[in-house]
Amino acid sequence: MRWPSVEQIIYKYLWAWGVGQSLHFVGMVLLIGTVGILDLRLLGMAKQFPVAALKKLIPWGVFGFLLCLATGLFFVTGIWANINVHPYVVLQSDVFLQLKFVFILLAGVNLLLFYATGMSRAVDRLAAGEDAPPLAKVFAGASLFFWIAVMYFARLIPSGKFQP
Amino acid sequence: MQDFLESIENSGWASYIRETPSVLGYSTILALHTFGMAFLVGLSGVIALRVLGIVPELPLKPLKNLMPMIIIGFWVNAVTGVILTCLAARSMLSNWDFYVKLTAIAVAITSLQKMRGYAFRVASAPDDAPASAEAKRWAKAMLFSWFVAVLGGRLTAYATNIRIQSAAAVGVAAILLLLLARYLVRYAHRSVTVR
């Protein structure tokens with residue numbers, strides 16, 4: 001799980017970790033901004049938007065997620081160079097990191113179900129002012145909850161207990 | 001001044017928040033600061049994307065209704081930001097990076113207000129009308145200032161030389177990522193249209 005090349009980058013370039021963190025945050029803002037607005041629309045808080053138009057924002061959210069994923073992998077594979085703890089130890093013992101992953105997984109499953117149940121297609125037809133079906137609201141509420149939980153547990157990761 | 005800052009830092013509530021082993025202390029305040037940022041920067045960023053014509057399909061006028069969420073995000077950040085500053089008042093207020101962050105936030109908020117004023121000024125404008133040149137200018141200023149503010153916030157914990165190197169590296173990375181994002185998003189839109 002340790003990646004020597006990544007560790008070398010972190011050892012050699014003092015700015016690498018900070019840059020990774022900044023880009024992780026930029027990715028998070030893109031993801032929450034775009035997915036959040038779609039979720040809020042489905043929940044009925046911004047009904048003036050036709051859903052199909054809001055879905056045009058999704059590629060930006062996907063890009064934000066990929067940015068978070070890439071920088072997240074950078075942190076995990078290079079963590080030895082930053083705090084001298086094996087990534088496996090952190091993954092195994094930091095309950096907040098584990099919870100973050102659980103909620104990312106739940107958000108992913110929620111998204112799959114949103115498409116698999118046909119809700120995604122159903123909401124595409126919603127014009128401005130129209131209410132989303134109840135099941136779509138459940139998916140939207142769950143999505144918002146899961147992503148907020150991801151952010152919350154991500155912030156708690158440094159308070160987790162991991163011993164070398 | 002140092003004594004005053006020290007007394008804030010060592011006050012009962014500040015010590016409790018900083019030192020309590022409960023996750024409801026420092027970590028939760030930090031998490032709330034992140035939520036506020038995600039809503040404030042994320043939602044105002046969506047308005048900017050529309051104003052700049054990057055997502056022209058989005059109707060412009062309804063975006064005005066996101067303002068209450070943006071304002072809530074701002075106040076959550078302001079309150080939690082003041083608390084976090086009090087917890088480490090001496091080091092924060094002697095850190096130039098912190099002032100860069102505060103200045104960037106002030107410029108971003110001013111730009112947001114200006115962008116809002118120009119973008120939503122004509123109530124009878126059609127939803128697909130392009131935003132004015134002034135609105136676009138303020139949207140760019142806002143996005144740039146948010147970027148500096150987020151970066152400044154992340155780098156306050158580092159030494160000065162690392163901060164300067166990081167800022168330069170993030171600047172280069174941001175330009176490359178923006179170009180990549182624009183390409184990927186346009187590619188995704190083209191694929192959807194062809195299908």
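Residues numbered from 1 in each chain as written. Chains lettered and ligands numbered in written order. Predicted model: local features only at pLDDT ≥ 70, side-chain atom pairs only at ≥ 80, totals over all residues.

Novice: Hey, could you run me through the overall build of chain A in this one?
Specialist: Scanning chain A for helices and strands turns up 8 helices and 0 strands. Counting helices and strands in the order they occur from the N terminus, chain A gives α-α-α-α-α-α-α-α. The burial tally for chain A puts 46% of its 164 residues in the buried class. For chain A, the share of sequence-separated contacts (at least 6 apart) that also reach a separation of at least 24 residues comes to 78%. (Helix = DSSP H or I, 4+ residues; strand = E, 2+ residues; numbered from the N terminus. Buried ≥ 20, exposed ≤ 12 C-beta atoms within 10 Å, placed from the backbone. Contact = placed C-beta atoms within 7 Å.)

Novice: How should the overall build of chain B be read in this particular structure?
Specialist: Secondary structure assignment for chain B yields 8 helices and 0 strands. Helices and strands appear in chain B in the N-to-C order α-α-α-α-α-α-α-α. Considered along the principal axes of its C-alpha atoms, chain B spans approximately 60 × 35 × 30 Å. Long-range contacts, defined here as pairs at least 24 residues apart, represent 78% of the contacts in chain B between residues at least 6 apart.

Novice: Could you clarify how one ought to interpret unusual backbone geometry in this entry?
Specialist: Peptide bonds are, in most cases, trans, and in most cases residues other than glycine have a negative phi. With phi around 60 degrees, N84(A) is a residue other than glycine that occupies positive phi space. In this structure, N84(A) sits in the loop between α4 (58-83) and α5 (87-93).

Novice: Would you explain the interface of chain A and chain B in this entry?
Specialist: It is common to give the size of an interface as the accessible area that goes away when the parts come together. In this assembly, 32 residues from chain A lie in contact with 35 residues from chain B. Elements supplying a minimum of two residues to the side of chain A that touches chain B: α2 (16-42), α3 (51-55), α4 and α8 (134-156) of chain A. In terms of residues, the side of chain A that touches chain B owes the most to one element, α2(A), which gives 14 residues.

Novice: Hey, could you run me through helix α3 (residues 26-51) of chain B in this one?
Specialist: Residues spaced three or four apart along an α-helix point in a common direction, a consequence of the helix completing one turn every 3.6 residues. All names here are of chain B. Its 26 residues place the ends of α3 37 Å apart at the C-alpha level, agreeing with the 38 Å of an ideal helix rising 1.5 Å per residue. Counting buried positions over the 26 residues of α3 gives 21, a clear majority of the element. Looking at the residues trailing α3, positive phi occurs at G53, about 80 degrees. (Expected span 1.5 Å × (residues − 1).)

Novice: Just to check I follow, could you spell out the confidence of the model for chain A for this structure?
Specialist: One rule of thumb: low pLDDT means the predicted coordinates there are not for detailed reading. Here chain A averages 90 in pLDDT, and 98% of its residues register 70 or above. Looking over chain A, one finds the lowest element-wise mean pLDDT in α3(A), namely 87, and the highest in helix α6 (residues 95-116) of chain A, namely 95. (pLDDT = per-residue confidence, 0-100.)

Novice: Any chance you could explain the environment of V123(A) here in plain terms?
Specialist: All names here are of chain A. Locating V123 in the fold gives a position in helix α7 (residues 119-124). Classification of V123 as buried rests on a count of 24 C-beta atoms within 10 Å. Sequence separation of V123 and L42 is 81 residues, and the distance between their C-alpha atoms is 8.0 Å. In this view, V123 contacts L42, V51, A132 and A136; residues no more than four positions away in its chain are not counted.

Novice: Teacher, can you tell me more about helix α6 (residues 96-119) of chain B here?
Specialist: Counted at 1.5 Å a residue, the expected span for α6(B) with its 24 residues is 34 Å, and the 34 Å between its end C-alpha atoms agrees. Residues of α6(B) that are buried: D97(B), K101(B), A104(B), I105(B), A108(B), S111(B), L112(B), M115(B), R116(B) and A119(B).

Novice: Where do I start with the environment of A173(B) in this structure?
Specialist: Its place among the elements puts A173(B) in helix α8 (residues 160-194). On the basis of neighbour counts, which here come to 16 C-beta atoms within 10 Å, the residue A173(B) falls in the partly exposed class.

Novice: Can you walk me through the nonpolar core in this structure?
Specialist: Nonpolar side chains tend toward joint burial in soluble globular proteins. Ranked by internal contacts, the top residues of the largest apolar core, which has 85 residues, are M115(B) and M142(B). Among the elements that line this core, the one with the most residues is α2(A), at 16 residues. What M115(B) contacts, discounting residues up to four positions off in sequence, is A48(B), V51(B), A135(B), W138(B), A139(B) and M142(B). (Core = buried A, V, L, I, M, F, W, Y, C linked by C-beta atoms within 7 Å.)

Novice: Mind showing me how you'd approach the packing of α6(B) against helix α7 (residues 133-155) of chain B here?
Specialist: Angle between the axes and distance between the axes: these two values describe a pair of packed helices. All names here are of chain B. Where α6 meets α7, the closest approach of the two axes is 7 Å, and the angle between their N-to-C directions is 155 degrees. Relative to α7, the element α6 lies roughly antiparallel. Between α6 and α7 lies a crossing whose hand is left-handed. A per-class count over the contact of α6 with α7 returns 18 nonpolar, 4 polar and 4 charged. (Axes fitted to C-alpha atoms, helices over the stretch in contact; angles between N-to-C directions. Parallel < 35°, antiparallel > 145°, perpendicular 65-115°, else oblique. Left-handed = near helix turned anticlockwise from the far one by under 90°. Nonpolar A, V, L, I, M, F, W, Y, C, P; charged D, E, K, R; others polar.)

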